[in-house]
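Chain residues, written in single-letter form:
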Amino acid sequence: MKGLKKIALATAVAAMPFAAHADLKALDDTAMGNVTGQAGVTIELETKVSIGQFVYTDEGSFTVNDIVLGGSGVAGGPGTDLLDDLYIDIDVEADGDAVIHVGSISGQPIDWGMTASSMELVAADGSESTTLVSNLSGWGMLGALDIRVDTATDTLNLDVAFNVMQMDFDVEFLGIGIRDMAIMGGQFFEGDPGAAGLFAVANVDVYKGDGLGDSTMTDVLRIDINDITMDMSIGAIEIGGASIGSIAMDNLTISDTRLAVYGR
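Residues numbered from 1 in each chain as written. Predicted model: local features only at pLDDT ≥ 70, side-chain atom pairs only at ≥ 80, totals over all residues. Heavy atoms only, no water.

Participant: Explanation requested: the overall build of the chain in the structure shown.
Facilitator: The secondary structure content of the chain amounts to 2 helices and 13 strands. Put simply, the chain has 264 residues, and 33% of those count as buried. For the chain, the accessible area works out to roughly 15,300 Å², and carbon and sulfur atoms hold 56% of it. (Helix = DSSP H or I, 4+ residues; strand = E, 2+ residues; numbered from the N terminus. Buried < 20%, exposed > 50% of the residue type's maximum accessible area, 1.4 Å probe, protein only. Areas by Shrake-Rupley, 256 points an atom, 1.4 Å probe, with all protein chains shown as cover.)

Here it is in structure tokens:
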């Protein structure tokens, strides 16, 4: 199965030539009535994003270096370097729910690619560091992405269909290389050519809630994984530069999983 995920959402703000309209007036009730009842806004997008370094600091730091996110071409895939053929529909429904749908202009899956040179743990004084992952390169397709903010429950719901056609990386501190990793739909190994074979699916709720079980924590970040379903394969696991074999997982499903995240 030789050849995730990351899709970047972008919003655009259109600037009016205010200098030519210095005597702006507030909209009256009639004008406001003409504004309401619309079908939302659509944004068409093509982009390539590069980040020299991302740093998360607690006492020491976790750093990700030389991040590039774009089309599959940035990771050696068949597409261009641009994350393109992409549109974003944004709508606010009558009950106040915000609904965001990411799709493609052509109706075809959206190709994506990502690379990063290294991910490291660094001591507070910079005297020591450990490279966790290096030479990360992966590309795949986005089949669907829907986001809903539910005002009744204050919940952010993510519903995504995606695949990873090929990903390579080195787990440097263990001396392990991962080659030709792929994540596909839960029916891929069964030969299903449709969406169930092509795209892994994930449905996740994010909200503010209480801790789990006997925890006394409140107002923590809750992440509920309702469903993640996929087939996964690794073409080669290398140790010392030589392959020790391959791995395949058929119908991998994660469900009924709850996380509570908070600081201490």
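Here the narrative resumes.
Participant: Honestly, unusual backbone geometry in this entry has me stumped. Any pointers?
Facilitator: A negative phi angle is the norm for most residues apart from glycine, just as the trans form is the norm for most peptide bonds. Located in the positive-phi region is Asp-66, a residue other than glycine, with phi close to 55°. Along the polypeptide, Asp-66 turns up in strand 3 (residues 61-70). Of note, the phi angle at Asp-85 is positive, near 55°, even though the residue is not glycine. By the secondary structure assignment, Asp-85 is in strand 4 (residues 83-92). Asp-85 sits in the partly exposed class, given a relative accessible area of 24%.

Participant: Sorry, what's going on with a nonpolar patch on the surface here?
Facilitator: There is a patch of nonpolar side chains on the surface, built from Val-49, Ile-51, Phe-54 and Tyr-56 and spanning about 370 Å² of accessible area. Summarising the element assignment, Ile-51 is placed in strand 2 (residues 49-57). A relative accessible area of 39% means that Ile-51 is categorised as partly exposed. (Patch = residues over 30% accessible without salt bridge, like charges linked within 9 Å, V, L, I, M, F, W, Y side chains within 5 Å. Salt bridge = Lys/Arg side-chain N within 4 Å of Asp/Glu carboxyl O.)

Participant: Help me out: how do you make sense of the pattern of salt bridges in this one?
Facilitator: Side chains bearing opposite charge may pair, as long as their charged atoms lie close to each other. By the definition in use, this model includes 7 salt bridges. Salt-bridge contacts for Asp-81 lead to Lys-48; the nearest nitrogen and oxygen are separated by 3.7 Å. Note that Asp-81 is positioned in the loop between strand 3 and strand 4 and Lys-48 in the loop between strand 1 (41-47) and strand 2, a separation of 33 residues in sequence. For Lys-48, a relative accessible area of 41% translates into the label partly exposed. The residue Asp-170 makes a salt bridge to Arg-179 at a minimum N-O spacing of 2.7 Å. Salt bridges sharing common partners tie together Glu-93, Asp-97 and Arg-148.

Participant: Looking at this structure, I do not really get the pairing of strand 5 (residues 98-104). What am I missing?
Facilitator: Consecutive side chains along a regular strand alternate between the two faces of the sheet. Where strand 4 and strand 5 come together, 7 bridges link them in antiparallel fashion. Residue pairing across strands places Asp-91 opposite Val-99, the latter belonging to strand 5. Counted between consecutive antiparallel strands, the loop separating strand 4 from strand 5 contains 5 residues, among which Gly-96 sits at a positive phi close to 95°. Alignment of strand 5 against strand 7 (residues 129-150), held across 5 bridges, turns out to be antiparallel. Across the sheet, His-101 pairs through a bridge with Asp-146, a residue of strand 7. (Pairing = 2+ DSSP bridges.)

Participant: What am I meant to see in the nonpolar core here?
Facilitator: In globular proteins that are soluble, nonpolar side chains generally tend to be buried together. In this structure, Val-102, Leu-136, Leu-142, Phe-162, Phe-169, Met-181 and Ile-183 are the most contacted members of the largest nonpolar core, which totals 36 residues. Once residues within four sequence positions are removed from consideration, Met-181 is found in contact with Val-164, Met-165, Gln-166, Met-167, Phe-169, Met-232, Ser-233 and Ile-234. (Core = buried A, V, L, I, M, F, W, Y, C linked by side-chain atoms within 4.5 Å. Contact = heavy atoms within 4.5 Å.)

Participant: How should the environment of Ile-183 be read in this particular structure?
Facilitator: Relative to the elements of secondary structure, Ile-183 occurs in strand 9 (residues 176-184). Among the residues examined, Ile-183 registers a relative accessible area of 11% and is labelled buried. Sequence separation between Ile-183 and Thr-229 is 46 residues, and the spatial gap between their C-alpha atoms is 9.9 Å. Leave out the neighbours within four places in its chain, and Ile-183 touches Phe-162, Asn-163, Val-164, Ala-200, Met-230, Asp-231 and Met-232.

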